[in-house]
Amino acid sequence: MMNQRKSSAISYDVIVLGVGGMGSAACFHLARRGLRVLGLERFDIPHMMGSSHGVNRIIRLAYYEHPSYVPLLRRAYELWRELQAAVAEPLLQITGSIDAGGPDDEVFSGSLHSCELHDLPHEVLSSGELRHRFPGYRLPADHLAVYQPDGGFLVSERCVVAHVVAAQAAGAEIHARERVMAWEPAVDRVHVTTDRGEYEAGQLVVAAGAWIGKLVAELGSLVQPERQVLAWLQPTRPELFAPGRFPVFNLAVPEGRYYGFPVWGVPGFKIGRYHHLGEVIDPDHLDREPHAADERLLRDLAERYFPDGAGPTMALRTCFFTNTPDEHFILDRHPRYQQVVLASPCSGHGFKFCSVIGEILADLMQKGATRHEIGLFGLDRFTAPPSVASGQPGSA
Ligand SMILES: Cc1cc2nc3c(=O)[nH]c(=O)nc-3n(C[C@H](O)[C@H](O)[C@H](O)COP(=O)(O)OP(=O)(O)OC[C@H]3O[C@@H](n4cnc5c(N)ncnc54)[C@H](O)[C@@H]3O)c2cc1C
């Protein structure tokens, strides 16, 4: 039911609900276009309670999940570089990326396909060639790897801070420790109630990460928050896991699909497994404490395929994926309220896109349309017959 009430709430052009990865980028892009923006964040800026913490996130051009992500990635790289220049802080580290698996596995074959289709510089390496070139890797003899030199990582928590600093410099108002309790559509407006006050805006971006299903009833049964765990292990040969010697990786092996990083920020080689133990959870009841079984799973993999990286444990952290049924993003208008845009469920591979998604959100709010191709992310794909080729499960 549309609310018709007149209120004395403070008014903005756009309210951004959630100032994590996506929301911070949205605040910046909206504010720099001169819109009056309020960003509302229930925790701190930055914080370790959502999906964007744990030091860093992989960025790569070779995209096995679906080649149509590549044009968005080209723009994402440009925008990350602009942001790091604006805040004079290194946010993007280039290490090269490895996508490896059996010859028919989608991590290898999909990555190669995206490189060929988009004419990306790349090399195909046998397992032996990979080990010779990057000796930290000891993959099965029949595995193949795509090496793409533009891959690397983003310093994710600092990226959130950088977007917030840049947004504030452009005039955005950001409130941390202020939890949105409810939002209600009014005619051409949205009314937002928090635990500190009442606000109104012409439009609302919901970028609430793992909590989006709790704030948007229509997504409640569609998106699934999932517990993830990351491990940092001290390498026994640290020189093999330095950023110049060890590209970030996506790896499909019989044990599952894994990703990893060189030593950076924490004195350990970082490793994670997609869909870790398959634990779908209520985001308000995440078991944040890593357990022995979490550590064992990641250490086993490191011992088998990265034996020189599997020394003492340096750190363990938990985090959320927010999965959609096909593991592509949801980036679309609310099915009933045109003044509300939904921008969060990114199925474990969204951080690298935050910069360009911020731009897309600003396009949608300011102009009602975007030049970027976002058809893959529409909500109607879950109700209409599929119109796009299906891609591969989520990734980093
Ligand atoms: C372990 C792990 C590894 C990953 N690796 C990669 C990778 O290598 N590369 C990659 O590209 N992606 C990766 N991802 C995915 C990526 O990190 C996420 O897609 C991205 O961080 C999601 O950003 P977000 O803004 O949707 O969520 P968040 O950054 O969590 O932001 C959502 C925000 O909304 C706030 N919020 C929620 N409810 C309310 C409320 N009621 N009121 C106010 N604020 C609220 C939350 O506090 C939070 O700050 C990984 C994810 C995980 C968990």
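Just so it is clear, the model here is predicted, and its values are computed rather than measured. (Residues numbered from 1 in each chain as written. Predicted model: local features only at pLDDT ≥ 70, side-chain atom pairs only at ≥ 80, totals over all residues. Heavy atoms only, no water.)

### Looking at the sheet that holds strand β4 (residues 92-94)
Point 1. A sheet is described by the order of its strands in space; here 3 strands give the open sequence β3-β8-β4, paired in antiparallel fashion. Looking along the sheet, the strands with just one partner apiece sit at the ends: β3 (57-59) and β4. Adjacent strand axes in the sheet meet at a mean angle of 30°, parallel and antiparallel pairs treated alike.
Point 2. Taken together, the 3 bridges between β3 and strand β8 (residues 152-154) define a ladder with antiparallel strand orientation. Paired with Ile58 across the bridge in β8 is Phe153. (Pairing = 2+ DSSP bridges. Helix = DSSP H or I, 4+ residues; strand = E, 2+ residues; numbered from the N terminus. Axes fitted to C-alpha atoms, helices over the stretch in contact; angles between N-to-C directions.)

### Notes on the packing of aromatic side chains
Point 1. Evaluated as defined, the whole model comprises 27 aromatic pairs.
Point 2. Measuring from centroid to centroid gives 6.4 Å for Phe249 and Phe269, while their planes differ by 40°, and the two rings are tilted. Highlighted residues: Phe249 in strand β14 (residues 248-253) and Phe269 in strand β16 (residues 269-273), separated in sequence by 20 residues. Each member of the pair Phe249 and Phe269 is classed as buried.
Point 3. Their ring planes at 50° and their centres at 5.3 Å tell us that Phe269 and Phe306 sit as a pair that is tilted. Note that Phe269 is positioned in strand β16 and Phe306 in the loop between α7 (292-305) and β17 (313-323), a separation of 37 residues in sequence.
Point 4. When its relative accessible area of 0% is taken as the criterion, Phe269 is described as buried.
Point 5. The class for Phe306 is buried, based on a relative accessible area of 0%.
Point 6. Through pairs of rings, three or more aromatic residues link up here, namely Tyr137, Phe241, Phe246, Phe249, Phe269 and Phe306. (Phe/Tyr/Trp six-rings, centres within 6.5 Å; stacked < 30°, edge-to-face > 60°. Buried < 20%, exposed > 50% of the residue type's maximum accessible area, 1.4 Å probe, protein only.)

### Some remarks on the pattern of salt bridges
Point 1. Inspection of every chain in the model, using the stated rule, returns 25 salt bridges.
Point 2. A salt bridge links Arg189 to Glu200; the nearest nitrogen and oxygen atoms lie 3.1 Å apart. Taken as a pair, Arg189 in strand β11 (residues 189-194) and Glu200 in strand β12 (residues 198-206) lie far apart in primary sequence, 11 residues in all.
Point 3. Of the residues examined, Arg189 reaches a relative accessible area of 27% and is grouped as partly exposed.
Point 4. Glu239 is the partner of Arg237 in a salt bridge, and the nearest nitrogen-oxygen pair spans 3.1 Å.
Point 5. For Arg237, a relative accessible area of 38% translates into the label partly exposed.
Point 6. Salt bridges here are not isolated pairs; linked through shared partners, they connect Arg42, Lys214, Asp282 and Asp284. (Salt bridge = Lys/Arg side-chain N within 4 Å of Asp/Glu carboxyl O.)

### Comments concerning the nonpolar core
Point 1. Membership of the largest hydrophobic core comes to 61 residues, with the highest contact counts inside it found for Leu30, Trp80 and Phe353.
Point 2. Elements supplying a minimum of two residues to this core: β1 (10-17), α1 (21-32), α2 (70-87), α3 (106-117), α5 (156-169), β19 (340-343) and α8 (354-367).
Point 3. Among residues more than four places away in sequence, those in contact with Phe353 are Tyr63, Tyr69, Leu72, Leu73 and Phe329.
Point 4. In terms of nonpolar packing, the next biggest core, distinct from the first, is built from 29 residues, Ile15, Leu17, Val192 and Phe320 among them. (Core = buried A, V, L, I, M, F, W, Y, C linked by side-chain atoms within 4.5 Å. Contact = heavy atoms within 4.5 Å.)

### Here we look at the site of the ligand
Point 1. By nearness alone, 38 residues border the ligand, and Glu41, His47, Ser52, Ile58 and Cys319 come closest of all.
Point 2. Contacts to the ligand include Met22, whose backbone N or O atom sits 2.8 Å from an oxygen atom.
Point 3. Interatomic distance of 2.5 Å between a side-chain N/O atom of Glu41 and an oxygen atom of the ligand.
Point 4. Look at the ligand: alone it shows 990 Å² of surface, and the protein chains cover 98% of it.
Point 5. Counting residues per element, the shell around the ligand draws most heavily on β17, at 3 residues.
Point 6. Broken down by class, the residue content of the shell around the ligand amounts to 19 nonpolar, 13 polar and 6 charged. (Near = heavy atom within 4 Å. Polar contact = N/O pair within 3.5 Å; in protein donor to acceptor, adjacent residues only side chain to side chain. Areas by Shrake-Rupley, 256 points an atom, 1.4 Å probe, with all protein chains shown as cover. Nonpolar A, V, L, I, M, F, W, Y, C, P; charged D, E, K, R; others polar.)

Any link to function would need more than the numbers given here.
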